[in-house]
Amino acid sequence: MPAILGQNQYGKAENRVVRIVRDGDTHHIKDLSVSIALSGAMDDVHYSGSNTGVLPTDTTKNTVYAFAKAHGIESAEQFGIHLARHFVTSQDAIHRARIRIEEYAWERIPLPGTDARPGSATETGHSFVRRGQETRLAQIAYDGDRWQIVSGLTDLTVLNTTNSEFRGYVKDEYTTLKEAYDRILATDVSARWRHNWTSDEQGMPDWEQSYARTKQLLLEAFAETYSLSLQQTLYRMGSRVIDGRSEIDEIRFSLPNKHHFLVDLEPFGQKNDNEVYFAADRPYGLIEATVLRDGAEAAIPVDLTNL
């Protein structure tokens, strides 16, 4: 029996594009890494090597740069929508486009003020420093009819120095962990959330506002939850987003528990009253879950790397 071709896609990965908008002396910057995956009627190129239906990956790269000029980059999601629509509607052989985007944030460098008052500062219009919080993510998929927009972030490091416990868990002959009644809770938040905007006939969300507010809700829930487990904190973060953002139906988290262990200072004649910790980078607990709007079905892959 001959071998049969299965799922396939092709494209150009990690196209770095930086778009500068010059508004007089004040400049604005968008810094993206754009990966393109195209699929459709691609049997011939695999079976016979015929490239008659293949749009070169170099062309897809060039399209990224041309669209950055022609359309600007209002948001990662909107830029991905422009690209996905173009590839599906301009090429007969392409039936589905998936655009993955990472956005790297920049903030203006403050300079001392000119009025000599202590603490006075102004922002430069053209000098920036990379913001060291999270990397913003977006994935846009389009099949010529329906959209799927998944936004997200990774490497958002958060920490509570108190208001966290871990006790009452199962203990067996291999358990050595002591119950904690006041511990540090820290994690690197990796999250993806799926928008319920799927059709051009629907009103499109404000992608920038949606991202900013979703991130703020995550941070507020983390800060305001008295945590009895990282699982509980995860659910509170997810439910805060679902309750607060009507455009989002599903959110999935991957939260490593960044363990902080009290250091034994007794050999040095000192008492450690929750003051000195050893921050362990591995091994770590890994807590993952999806939070859904009631009635919605999960569509974000369990393994976030498979987005």
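Residues numbered from 1 in each chain as written. Predicted model: local features only at pLDDT ≥ 70, side-chain atom pairs only at ≥ 80, totals over all residues. Heavy atoms only, no water.

Student: Just give me the short version of the overall build of the chain, but keep the residues and values in it.
Tutor: When you go through the chain residue by residue, the secondary structure sums to five helices and 12 strands. With respect to the principal axes defined by its C-alpha atoms, the chain has extents near 75 × 70 × 35 Å. Counting over 307 residues, the chain shows a buried share of 41%. Sequence separation of 24 or more characterises 66% of the internal contacts of the chain that already satisfy a separation of 6 or more. Accessible surface, the chain as shown: approximately 17,500 Å² in total, 49% of it carbon and sulfur. Positive and negative side-chain charges in the chain, numbering 33 and 44 respectively, have mean positions lying 3 Å apart. (Helix = DSSP H or I, 4+ residues; strand = E, 2+ residues; numbered from the N terminus. Buried < 20%, exposed > 50% of the residue type's maximum accessible area, 1.4 Å probe, protein only. Contact = heavy atoms within 4.5 Å. Areas by Shrake-Rupley, 256 points an atom, 1.4 Å probe, with all protein chains shown as cover. Lys, Arg positive; Asp, Glu negative; His and termini not counted. Charge placed at Lys NZ, Arg CZ, Asp CG, Glu CD.)

Student: Outline helix α5 (residues 230-244), listing residues and values.
Tutor: Between its first and last C-alpha, α5 extends 21 Å over 15 residues, near the 21 Å set by a 1.5 Å rise per residue. Considered for burial, the residues of α5 that qualify are L230, T233, L234, M237, G238, S239, V241 and I242. If you follow the buried residues of α5, they end up packed against β8 (185-195), α4 (207-224), β9 (248-257) and β12 (285-292). (Expected span 1.5 Å × (residues − 1).)

Student: Could you give an account of the nonpolar core, naming the residues involved and the relevant values?
Tutor: The biggest cluster of nonpolar side chains holds 31 residues, and the ones touching the most others in it are V34, F79, I99, I101 and I140. Element by element, the count of residues in this core is highest for helix α3 (residues 76-90), at seven residues. Each residue touching I140, except ones within four places of it in the same chain, is listed here: A76, E77, G80, I81, A84, A97, R98, I99, I101, W147, Q148 and I149. By size, the runner-up hydrophobic cluster in this structure holds 23 residues, among which are L153, L156, V189 and I242. (Core = buried A, V, L, I, M, F, W, Y, C linked by side-chain atoms within 4.5 Å.)

Student: An account of the environment of H126 is needed here, citing residue identities and associated values.
Tutor: Take H126: it is sitting in strand β5 (residues 121-130). Residue class for H126 comes out exposed when judged on its relative accessible area of 54%. Excluding residues within four positions of it along the chain, H126 makes contact with D25, H27 and R108.

Student: Can you explain α4? Please cite residues and give values.
Tutor: Along its 18 residues, α4 runs 26 Å from first to last C-alpha, staying within 8% of the 26 Å computed at 1.5 Å per residue. Those residues of α4 that are buried lie in contact with α3, β6 (135-142), β7 (147-160), β8, α5 and β9. Of the residues that open α4, the one with a side-chain oxygen 3.3 Å from the backbone nitrogen of E208 is D206. (Polar contact = N/O pair within 3.5 Å; in protein donor to acceptor, adjacent residues only side chain to side chain.)

Student: Could you give me a rundown of the sheet that holds strand β3 (residues 94-103), with the residues and numbers involved?
Tutor: Ordered in space as β1-β2-β3-β6-β7-β8-β9-β12, the eight strands form an open sheet in which the pairing is antiparallel. The sheet is open, and its two edges are formed by β1 (15-23) and β12, each paired on a single side. When strand polarity is set aside, the average angle formed by the axes of neighbouring strands in this sheet is 20°. Here β7 pairs with β8 via nine bridges, running antiparallel. Along β8, the bridge assignment pairs T157 with D188. Lying over the sheet, helix α2 (residues 57-70) contacts β1 and β2 (26-40), oriented at roughly 15° with respect to β1. (Pairing = 2+ DSSP bridges. Axes fitted to C-alpha atoms, helices over the stretch in contact; angles between N-to-C directions.)

Student: Tell me what's going on with the side chain of S39, and back it up with residues and numbers.
Tutor: For S39, the location among the structural elements is in strand β2. The residues contacting S39, other than those within four sequence positions of it, are N8, Q9, A93, I94, H95 and R96.

Student: I'd like a description of a nonpolar patch on the surface, backed by residues and values.
Tutor: Together, I109, L111 and V129 line one region of the surface with nonpolar side chains, adding up to about 210 Å² of accessible area. Mapped onto the fold, V129 is located in strand β5. Residue V129 is classed as partly exposed on the basis of its relative accessible area of 39%. (Patch = residues over 30% accessible without salt bridge, like charges linked within 9 Å, V, L, I, M, F, W, Y side chains within 5 Å. Salt bridge = Lys/Arg side-chain N within 4 Å of Asp/Glu carboxyl O.)

Student: An account of unusual backbone geometry is requested, with residue identities and associated values reported.
Tutor: In this chain, R282 is followed by P283 through a cis amide linkage whose omega measures -5°. Of note, P283 is situated in the loop between β11 (277-279) and β12. Despite not being glycine, D155 shows a phi value in the positive range, around 65°. Tracing the backbone through its elements, the reader meets D155 in strand β7. D155 gets classed as partly exposed once you look at its relative accessible area, which sits at 45%. For N274, which is not glycine, the phi torsion reads 55° and is therefore positive. When you line up the elements, N274 lands in the loop between β10 (260-262) and β11.

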